[in-house]
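Next come the chains, spelled out residue by residue.
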Amino acid sequence: MSRSLFFAMGTAFLVAAYSVLAFTGEERHYRLWYYVPAAALAGSLVADRLGKRQSVTFWQWAVDIGVALLGLARPLFGVPPVSGHAVFSLHAMMTGRSKTTVTLAIVSLLITLFAKIILWNWDRTLWPGLAGGAISGSVWKLAGAGVWKRPTGDSINQ
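All values derive from a computational prediction rather than experimental measurement. (Residues numbered from 1 in each chain as written. Predicted model: local features only at pLDDT ≥ 70, side-chain atom pairs only at ≥ 80, totals over all residues. Heavy atoms only, no water.)

1. Things to note about helix H3 (residues 58-77)
Part 1 of the reasoning: Taking 1.5 Å as the rise per residue, H3 with 20 residues should run 28 Å; its terminal C-alpha atoms sit 27 Å apart, in good agreement.
Part 2 of the reasoning: For H3, the full list of buried residues reads Gln60, Val63, Asp64, Val67 and Ala73.
Part 3 of the reasoning: Considering only its buried residues, H3 is in contact with helix H2 (25-51), helix H4 (84-95) and helix H6 (126-144).
Part 4 of the reasoning: Positive backbone phi, at 80°, marks glycine 78, one or two positions downstream of H3. (Helix = DSSP H or I, 4+ residues; strand = E, 2+ residues; numbered from the N terminus. Expected span 1.5 Å × (residues − 1). Buried < 20%, exposed > 50% of the residue type's maximum accessible area, 1.4 Å probe, protein only. Contact = heavy atoms within 4.5 Å.)

And the structure:
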């Protein structure tokens, strides 16, 4: 079993267990279908990053941490008015390296689109979330391309 799949299953299991033990009725059901897939994606993306940690730059880690904090801020504090699921799913789809991560990102994004468009009647947080995910994914890629590398002493004045 790949490391990404192992981490995905582990985080999904932990969130599912928490949902079953701590909630009942619709609250439990909501967490199981909406949060468990996102948790699986989070575990898979963490495994991706840890597996390639030598090639992930400081700025890429900073972008990942910013995306994670934004995604956690919504369920904990209700702000900002941006879909954390949309940001995180699109960011992971653009930056994930394993097939497991990209597949889970697509599934998570489809679940988010279904919920925000169909169930919640075009929830206003969807578009800012999609824009945020596209921006964070693009910035993450630029950061890996060496756009923000410090010049060495040899490259100055050449």
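2. Concerning the packing of aromatic side chains
Part 1 of the reasoning: Under the definition given, this model contains 12 aromatic pairs.
Part 2 of the reasoning: Ring pairs connect the aromatic residues Tyr30, Trp33, Tyr34, Tyr35 and Trp120, which therefore count as one cluster.
Part 3 of the reasoning: Lying over the aromatic face of phenylalanine 23, arginine 31 brings its terminal NZ or CZ to 3.8 Å of the ring centre. (Phe/Tyr/Trp six-rings, centres within 6.5 Å; stacked < 30°, edge-to-face > 60°. Lys NZ or Arg CZ within 6 Å of the ring centre and 35° of its normal.)

3. A look at the layout of surface pockets
Part 1 of the reasoning: By volume, the largest pocket amounts to about 870 Å³.
Part 2 of the reasoning: The wall of the largest pocket is formed by 31 residues, among which Tyr35, Ala38, Gly71, Leu72 and Pro75 lie closest to the centre.
Part 3 of the reasoning: For the lining of the largest pocket, the elements supplying multiple residues, two or more each, are helix H1 (3-22), H2, H3 and H4.
Part 4 of the reasoning: Of the residues assigned to the lining of the largest pocket, the class counts are 20 nonpolar, six polar and five charged. (1 Å grid on protein atoms, 1.4 Å probe; cavity = no way out; pocket = protein on both sides within 12 Å on 5 of 7 lines; lining within 4 Å. Points joined across faces, edges and corners; volume = space filled by probe spheres on them. Nonpolar A, V, L, I, M, F, W, Y, C, P; charged D, E, K, R; others polar.)

4. Overview of the nonpolar core
Nonpolar side chains tend toward joint burial in soluble globular proteins.
Part 1 of the reasoning: Membership of the largest hydrophobic core is limited to 11 residues, which are Leu41, Leu45, Val56, Val63, Val67, Val82, Val87, Phe88, Ala92, Ala105 and Trp140.
Part 2 of the reasoning: Going through the elements one at a time, H2, H3 and H4 are the ones with two or more residues in this core.
Part 3 of the reasoning: Looking at this core element by element, the count peaks at three residues for H4.
Part 4 of the reasoning: Residue contacts for leucine 45: discarding those within four places in its chain leaves Phe88, Ala92, Thr95, Gly96 and Thr101. (Core = buried A, V, L, I, M, F, W, Y, C linked by side-chain atoms within 4.5 Å.)

Purely geometric numbers; function is a separate question.
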